[in-house]
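Structure assessment
The residues making up each chain are set out below.
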Amino acid sequence: MSVLTMPGELQQLFPESAAPPMARRSPSNQESFGQRLARLRKARGFSQAELGQLLGLSQRMMTYYEREAAKPPAHVLPQMADALKISVDELLGIRAVRY
(Lines give C-alpha, C1' and ligand atoms only; values in the text may rest on other atoms or scores of the structure.)
Protein backbone atom coordinates (compact mmCIF):
# COMPACT_ATOMS: atom_id res chain seq x y z
CA MET A 1 0.00 0.00 0.00
CA SER A 2 1.44 3.36 -0.97
CA VAL A 3 1.17 6.60 0.96
CA LEU A 4 -0.26 9.58 -0.91
CA THR A 5 1.98 12.58 -0.55
CA MET A 6 0.92 14.88 -3.37
CA PRO A 7 -2.38 16.80 -3.40
CA GLY A 8 -2.68 16.00 -7.13
CA GLU A 9 -2.77 12.29 -6.29
CA LEU A 10 -5.78 12.88 -4.06
CA GLN A 11 -7.45 14.86 -6.84
CA GLN A 12 -6.86 11.98 -9.26
CA LEU A 13 -8.34 9.48 -6.82
CA PHE A 14 -11.29 11.69 -5.86
CA PRO A 15 -12.30 14.03 -8.67
CA GLU A 16 -15.06 16.45 -7.59
CA SER A 17 -17.81 14.38 -9.20
CA ALA A 18 -16.68 11.17 -7.47
CA ALA A 19 -15.53 12.60 -4.15
CA PRO A 20 -16.95 11.00 -1.04
CA PRO A 21 -19.81 13.09 0.44
CA MET A 22 -17.70 14.37 3.34
CA ALA A 23 -15.05 15.69 0.94
CA ARG A 24 -17.45 17.56 -1.37
CA ARG A 25 -17.67 21.28 -1.02
CA SER A 26 -21.13 22.70 -0.54
CA PRO A 27 -22.43 24.89 -3.34
CA SER A 28 -21.85 28.58 -2.80
CA ASN A 29 -25.59 29.24 -2.71
CA GLN A 30 -26.13 26.80 0.18
CA GLU A 31 -26.53 28.36 3.60
CA SER A 32 -23.72 27.61 6.06
CA PHE A 33 -24.32 26.66 9.68
CA GLY A 34 -23.30 30.12 10.87
CA GLN A 35 -25.59 31.86 8.39
CA ARG A 36 -28.47 29.58 9.36
CA LEU A 37 -27.87 30.16 13.08
CA ALA A 38 -27.86 33.95 12.59
CA ARG A 39 -31.02 33.83 10.44
CA LEU A 40 -32.91 31.64 12.92
CA ARG A 41 -31.74 33.68 15.91
CA LYS A 42 -32.95 36.91 14.30
CA ALA A 43 -36.24 35.30 13.20
CA ARG A 44 -36.90 34.37 16.84
CA GLY A 45 -36.07 37.91 17.97
CA PHE A 46 -32.92 37.12 19.95
CA SER A 47 -29.74 39.15 20.05
CA GLN A 48 -26.49 37.18 20.20
CA ALA A 49 -26.17 38.11 23.87
CA GLU A 50 -29.74 36.98 24.68
CA LEU A 51 -29.39 33.61 22.96
CA GLY A 52 -25.96 33.15 24.49
CA GLN A 53 -27.34 33.85 27.95
CA LEU A 54 -30.08 31.22 27.47
CA LEU A 55 -27.40 28.72 26.49
CA GLY A 56 -24.86 29.71 29.14
CA LEU A 57 -22.53 31.09 26.47
CA SER A 58 -21.01 34.50 25.94
CA GLN A 59 -22.01 36.84 23.15
CA ARG A 60 -18.48 36.40 21.81
CA MET A 61 -18.98 32.63 21.42
CA MET A 62 -22.23 33.24 19.56
CA THR A 63 -20.33 35.57 17.23
CA TYR A 64 -17.68 32.89 16.67
CA TYR A 65 -20.36 30.34 15.78
CA GLU A 66 -22.12 32.69 13.38
CA ARG A 67 -18.87 33.76 11.72
CA GLU A 68 -17.73 30.14 11.68
CA ALA A 69 -14.53 30.85 13.55
CA ALA A 70 -15.62 28.00 15.83
CA LYS A 71 -18.16 25.19 15.77
CA PRO A 72 -20.43 24.57 18.74
CA PRO A 73 -19.78 21.34 20.63
CA ALA A 74 -22.29 18.57 20.01
CA HIS A 75 -23.83 18.85 23.47
CA VAL A 76 -24.81 22.49 22.77
CA LEU A 77 -26.78 21.72 19.58
CA PRO A 78 -29.91 20.35 21.32
CA GLN A 79 -29.90 23.38 23.66
CA MET A 80 -29.65 25.75 20.68
CA ALA A 81 -32.44 23.93 18.87
CA ASP A 82 -34.68 24.05 21.96
CA ALA A 83 -34.06 27.78 22.46
CA LEU A 84 -34.90 28.43 18.79
CA LYS A 85 -37.90 26.07 18.96
CA ILE A 86 -36.68 23.87 16.12
CA SER A 87 -35.19 20.39 15.79
CA VAL A 88 -31.47 19.70 15.66
CA ASP A 89 -31.99 18.49 12.08
CA GLU A 90 -33.45 21.88 11.20
CA LEU A 91 -30.59 23.67 12.97
CA LEU A 92 -28.05 21.64 11.01
CA GLY A 93 -29.85 22.17 7.69
CA ILE A 94 -30.72 18.51 7.25
CA ARG A 95 -34.42 19.43 7.18
CA ALA A 96 -36.11 22.66 6.16
CA VAL A 97 -37.28 24.78 9.06
CA ARG A 98 -41.03 24.73 9.62
CA TYR A 99 -42.15 28.00 11.15
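Here's a quick rundown of the structure. Nothing here was measured: the structure is a model prediction, and the numbers come from that model.

1. Here's the deal with the packing of helix α3 (residues 48-55) against helix α5 (residues 77-84)
α5 packs onto α3 with a crossing angle of 120° between their chain directions and a minimal axis gap of 10 Å. By the criterion of interaxial angle, the relationship of α3 to α5 is oblique. The element α3 and its partner α5 pack so that their crossing is right-handed. Each of L51, L54 and L55 in α3 lies in contact with α5, whose residues at this interface are Q79, M80, A83 and L84. Of the residues contributing to the contact of α3 with α5, the split by class is six nonpolar, one polar and no charged.

2. Considerations on the side chain of R36
As for its position among the elements, R36 is in helix α2 (residues 33-43). Given the relative accessible area of 8%, R36 is considered buried.

3. Looking at helix α4 (residues 59-67)
Within α4 the residues assigned to the buried category are M62, T63, Y65 and E66. Seen from one end, α4 has its buried residues packed into an arc of 165°, which puts them on one side. Turned more than 90 degrees from where α4 packs its buried face, R60 and R67 sit exposed. Against the buried residues of α4 lie α2, α3 and α5. At the C-terminal side of α4, E68 shows a positive phi close to 65°.

4. Some points on α2
Among the residues making up α2, those that are buried are F33, G34, R36, L37, A38, L40 and R41. Tucked into the core, α2 has its buried residues touching α3, α4, α5 and α6 (88-92). Just beyond α2, the residue with positive phi is G45, at close to 80°.

5. Remarks on the environment of S32
The residue S32 is located in the loop between α1 (7-13) and α2 in this model. Taking the C-alpha atoms as reference points, S32 and G93, separated by 61 residues in sequence, lie 8.4 Å from one another. Separated by 2.2 Å, the side chains of S32 and E68 make a polar contact.

6. A look at the pattern of salt bridges
Taken as a whole and assessed by the stated rule, the structure comprises six salt bridges. Residue E66 pairs with R41 through a salt bridge whose shortest N-O separation is 2.5 Å. Taken together, the residues E66 in helix α4 and R41 in helix α2 connect sequence positions 25 residues apart. Considered together, E66 and R41 belong to a single accessibility category, that of buried residues.

Parameters and conventions
- Residues numbered from 1 in each chain as written.
- Predicted model: local features only at pLDDT ≥ 70, side-chain atom pairs only at ≥ 80, totals over all residues.
- Heavy atoms only, no water.
- Axes fitted to C-alpha atoms, helices over the stretch in contact; angles between N-to-C directions.
- Helix = DSSP H or I, 4+ residues; strand = E, 2+ residues; numbered from the N terminus.
- Parallel < 35°, antiparallel > 145°, perpendicular 65-115°, else oblique.
- Left-handed = near helix turned anticlockwise from the far one by under 90°.
- Contact = heavy atoms within 4.5 Å.
- Nonpolar A, V, L, I, M, F, W, Y, C, P; charged D, E, K, R; others polar.
- Buried < 20%, exposed > 50% of the residue type's maximum accessible area, 1.4 Å probe, protein only.
- Arc of directions from axis to C-beta.
- Polar contact = N/O pair within 3.5 Å; in protein donor to acceptor, adjacent residues only side chain to side chain.
- Salt bridge = Lys/Arg side-chain N within 4 Å of Asp/Glu carboxyl O.

Honestly, that's just the spatial picture; any functional story needs more than this.
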